[in-house]
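Coordinates in review
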Amino acid sequence: LDATLPMLIADRARIRQILDNLVSNAIKFTYPGGRITIGACALHEASDAGPSQCAISVADTGIGIMPEEQARIWERFYRPSNPLAEESGGLGMGLSIVRSLTEAHGGRVWVESRPGVGSTFTVLLPIRPTEHADG
């Protein structure tokens, strides 16, 4: 983690649910001996006003997602046609929940993936400055 990562004002349980779903998928779709990396960093806009967004990523060296399926993975109950995906169980709700919770926090989520190489899911959340009472 970035040592300068500011506190994120968000629903702790929902952020935990986002991470749980992404990490669970990474585990399901990464073969033994593969690697899963979780990270977070603050993103700054052009001004020096401080960080405005927090990027949380979950990357794996798993089976990856076919390009034609990448837009559909966010749909409720959608399950990729890959045999490992079929064996892994699940209802196909995890990524739909991730997207809904991320958007409810004013953020967005996307995937970068290549079949046979792995996937990186990135959740971008706004950092809301804490309110300071004057005087």
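Scroll up to find the structure this text is about.
Attention in this report is confined to the structure presented alongside it. (Residues numbered from 1 in each chain as written. Predicted model: local features only at pLDDT ≥ 70, side-chain atom pairs only at ≥ 80, totals over all residues. Heavy atoms only, no water.)

1. Considering the pattern of salt bridges
Selection rule: Salt bridge, as used here: a side-chain nitrogen of Lys or Arg that lies within 4 Å of a carboxyl oxygen of Asp or Glu. Each helix corresponds to a stretch of at least 4 residues labelled H or I by DSSP, and each strand to a stretch of at least 2 residues labelled E; elements are numbered beginning at the N terminus. When a residue's accessible area, from a 1.4 Å probe over protein chains only, is under 20% of the maximum for its type it is buried; when over 50% it is exposed; and in between it is partly exposed.
Per the counting criterion, the structure on display carries three salt bridges. With its nearest N and O atoms 3.2 Å apart, the salt bridge here joins R16 to D20. Within this pair, R16 and its partner D20 are both found in helix 1 (residues 12–28), separated by four residues, close to a single helical turn. Its relative accessible area of 56% is what places R16 among the exposed residues. The salt bridge involving R99 is made with E103; its shortest N-O contact spans 3.8 Å. Residue R99 and its partner E103 are both found in helix 3 (residues 94–104); the two are separated by four residues, about one turn of the helix. Taking relative accessible area as the criterion, E103 reaches 48% and is therefore assigned partly exposed.

2. What about the pairing of strand 3 (residues 108–114)?
Convention followed: In this description, strands pair whenever DSSP reports at least two bridges between them.
Only one face of strand 3 is covered, namely the face carrying V109, V111 and S113; the face carrying R108, W110, E112 and R114 is uncovered. Sheet topology places strand 3 next to strand 4 (residues 118–126); seven bridges connect them, and they run antiparallel. Looking at the pairing, R108 lines up with L124 of strand 4. Where strand 3 hands over to strand 4, the hairpin turn is made up of three residues, of which G116 adopts a positive phi near 80°.

3. Side note on the pairing of strand 4
Among the nine residues that make up strand 4, eight are buried, leaving the element largely enclosed by the rest of the structure. As defined by bridge partners, strand 2 (residues 51–60) adjoins strand 4 across eight bridges and the pair is classed as antiparallel. The residue of strand 4 that forms the bridge with D60 is S119.

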